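Okay, here's what each chain looks like letter by letter:
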Amino acid sequence: MKGFTGNKRSAVPNLYRLKRRGKPPAAPLKVTIPYRTETDISKWPPEARAWLYKGGLTDKEIAEYGYRYHPFTRRVIVPCYDEAHALIGYQSRRIFDDGLPKYYTKTKKGYTLLFMSNKDIPVKHCDTIVLVEDSLSCVRVGRTHRAAALMGCNLSDQSILYLTNNYKNVIIFLDNDNYDVKKKQEDLRKSLESVSYTH
């Protein structure tokens, strides 16, 4: 598996340094999965497995979507790929309360992180895609519909064009339980409605 080069300390983003700076680093030209991640879920800590199981994922889905555990940072890595199955970035999710941000996102320069459901799964309405917030929701919705997860990011113009060029309908399905999420949902709707029919 291709990964970061260098010593153990340089193999992963230095989250403590980023926390002190208070801002994320510039996007790199290319992205690789952190070195020495574990794909065998039976070898993960129970807390890491519990996060995915509580989200309703099966062992088969965890393997198919490439979820992995990174022992050095004690985070679950969620890789994101483009249509050509090339890695465009990943998001790491905090499992243990270590005082660091819950999510850390790294993307290839010029790309917006978008987690896509498995296109090999047969669905009834291939011209419709459901836009959700996180990868767990995307996997669940992806069992019956095409789906994409925002991963906490705003849609770039590039992503909007991709969605509207490839799908007739874009359904926004976010957890609208607070003002910020409701506002984000409305902003997404306005952006997409300028070029596509949305629900």
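Residues numbered from 1 in each chain as written. Predicted model: local features only at pLDDT ≥ 70, side-chain atom pairs only at ≥ 80, totals over all residues. Heavy atoms only, no water.

**Some points on the sheet that holds strand S4 (residues 103-107)**
At step 1: Read from one edge of the open sheet, 4 strands run S1-S2-S3-S4, paired in antiparallel fashion. Sheet topology places strand S1 (68-70) and S4 at the edges, where each strand pairs with a single neighbour. The mean angle between the axes of side-by-side strands here comes to 25°, regardless of whether they run parallel or antiparallel.
At step 2: In this sheet, strand S3 (residues 87-94) lies alongside strand S2 (residues 75-81) in antiparallel orientation, the contact comprising 7 bridges. What sits directly across from Tyr 81, in S3, is Leu 87. (Pairing = 2+ DSSP bridges. Helix = DSSP H or I, 4+ residues; strand = E, 2+ residues; numbered from the N terminus. Axes fitted to C-alpha atoms, helices over the stretch in contact; angles between N-to-C directions.)

**So, helix H2 (residues 46-54)**
At step 1: Of the positions making up H2, those classed as buried are Ala 48, Trp 51 and Leu 52. Along the axis of H2, the buried positions cluster into a sector of 90°, meaning they face one direction only. Exposed side of H2, more than 90 degrees from the buried face: Pro 46 and Lys 54 are the residues found there.
At step 2: Of the residues trailing H2, Gly 56 is marked for its positive phi of about 90°. (Buried < 20%, exposed > 50% of the residue type's maximum accessible area, 1.4 Å probe, protein only. Arc of directions from axis to C-beta.)

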